[in-house]
Amino acid sequence: MDKKTILDRTARSGEERLLLARVLDKMEQAERRNVPAHTAFLSPKEQSAVREVLRLSGGRGVFSGGYKDAERKVLACLPDWMEEYGGEDLRFLRCLFRKEDKLTHRDFLGSLMGMGVARETVGDILVEESSCDLVVLDTVADFLVQSWSSAGTAALRVQEITAGELIVPEAKVQEIRDTVMTLRLDAVAASGFSMSRSKAAELIASGRVQLNWQECTKGDRAVKAGDVITARGFGKFEIAEVGGMSRKGRTAILLKRYV
């Protein structure tokens, strides 16, 4: 399948088309030069679109975010002779600060953007009580170690660490057990976000809900175990399990809502 056809079938916007075109260029580069090539960090939504490009093109690629369950990842496009990607283009940093400063993810991201660091060069930002670990591209690591000294009014001490030293905060998850009349997006979203089904339907129709990182405006879309549902302003949950049917004809579900 040629490049234009792949982009026509996968891209949902002009911005996404540019991104996917760059990914296809990386794949061609890896094949032509017979060496690996990698993208910048991709959001989960972007990864979803890129997976479809890989499927249609038959390309070889590996997603890596520097640690298991990373959210933001690069795609390493591999030549035929290469079986694995070891994350050679990724580096790991630790920012130390006073516990009293109570810095958040937003503080670190705002500081980076204020320094002119492009978002796509930075992977996950993992904030603890008095430290913050980051996965970054090799191209910006040295600059950050040498120049990043503050986030807001708080002083930072930045150092490089190894992948094995990375501290990944434990995800805070609320389990929700419920039953639904039908495995439709609006019914399950109502349960996951603790709202009425009519409210969930309005939220979906407004374009604020994503199913597996892709916008979905159809409340009657069927969902299944493993699907991830997000809504702007309400958070994210995963359909962990779909159980059997009750005597009243309702289906049991187990949701994991990230809090």
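Residues numbered from 1 in each chain as written. Predicted model: local features only at pLDDT ≥ 70, side-chain atom pairs only at ≥ 80, totals over all residues. Heavy atoms only, no water.

**Q** Please explain the pattern of salt bridges as it appears in this structure.
**A** Two side chains of opposite charge can pair, provided their charged atoms sit close to one another. Evaluated as defined, the whole model comprises 14 salt bridges. The partner of D227 in a salt bridge is K224, with the nearest N and O atoms 3.1 Å apart. The exposure class assigned to D227 is buried, which follows from its relative accessible area of 4%. Taken together, the salt bridges that share partners define one network made up of R91, D138, D142 and E160. (Salt bridge = Lys/Arg side-chain N within 4 Å of Asp/Glu carboxyl O. Buried < 20%, exposed > 50% of the residue type's maximum accessible area, 1.4 Å probe, protein only.)

**Q** Just to check I follow, could you spell out a positive patch on the surface for this structure?
**A** Residues K45, K199, R208 and R232 make up a contiguous surface patch of positive charge. By the secondary structure assignment, K45 is in helix α3 (residues 44-57). When its relative accessible area of 33% is taken as the criterion, K45 is described as partly exposed. (Patch = residues over 30% accessible without salt bridge, like charges linked within 9 Å, V, L, I, M, F, W, Y side chains within 5 Å. Areas by Shrake-Rupley, 256 points an atom, 1.4 Å probe, with all protein chains shown as cover. Lys, Arg positive; Asp, Glu negative; His and termini not counted. Charge placed at Lys NZ, Arg CZ, Asp CG, Glu CD. Helix = DSSP H or I, 4+ residues; strand = E, 2+ residues; numbered from the N terminus.)

**Q** Please explain the packing of helix α2 (residues 14-33) against α3 as it appears in this structure.
**A** Packed helices, taken two at a time, are described by the angle between their axes plus the distance between the axes. For the pair α2 and α3, the least separation of the axes is 10 Å and the interaxial angle reads 50 degrees. If you check the angle between α2 and α3, you find them oblique. With respect to the hand of their crossing, α2 and α3 are arranged in right-handed fashion. Contact with α2, carried on its side by E16, L19, L20, V23, L24 and M27, involves E46, A49, V50, V53, L54 and S57 of α3 and no other residues of that element. (Axes fitted to C-alpha atoms, helices over the stretch in contact; angles between N-to-C directions. Parallel < 35°, antiparallel > 145°, perpendicular 65-115°, else oblique. Left-handed = near helix turned anticlockwise from the far one by under 90°. Contact = heavy atoms within 4.5 Å.)

**Q** How should I be thinking about the packing of aromatic side chains in this particular structure?
**A** Going through the model one piece at a time under the given rule, you end up with four aromatic pairs. On the numbers, 5.7 Å between centres and 55 degrees between planes, the contact of F97 with F108 is tilted. On the criterion of sequence distance, the pair formed by F97 in the loop between β4 (90-96) and α4 (105-114) and F108 in helix α4 is long-range, its members being eleven residues apart. For the residue pair F97 and F108, the accessibility class agrees, reading buried in each case. For the ring pair F108 and W148, a centre distance of 6.1 Å and an interplane angle of 85 degrees mean the geometry is edge-to-face. Taken together, the residues span a long stretch of sequence, with F108 in helix α4 and W148 in the loop between α5 (138-147) and β7 (150-151) at a distance of 40 residues. It is R51 that lies over the ring of F63; its NZ or CZ is 4.4 Å from the centre. Residue placement shows K236 over the ring face of Y258; its charged tip is 4.7 Å from the ring centre. (Phe/Tyr/Trp six-rings, centres within 6.5 Å; stacked < 30°, edge-to-face > 60°. Lys NZ or Arg CZ within 6 Å of the ring centre and 35° of its normal.)

**Q** Teacher, can you tell me more about unusual backbone geometry here?
**A** Residues apart from glycine generally show negative phi values, whereas peptide bonds are mostly found in trans. Even without glycine at this site, D69 takes up a positive phi of about 70 degrees. Structurally, D69 is set in the loop between β2 (61-64) and β3 (74-77). In this structure D69 comes out as exposed when scored by relative accessible area, which is 65%. Look at N212: it is not a glycine, yet its phi comes out positive at around 55 degrees. By secondary structure assignment, the location of N212 is in the loop between β11 (209-211) and β12 (214-215). What makes N212 partly exposed here is its relative accessible area of 27%.

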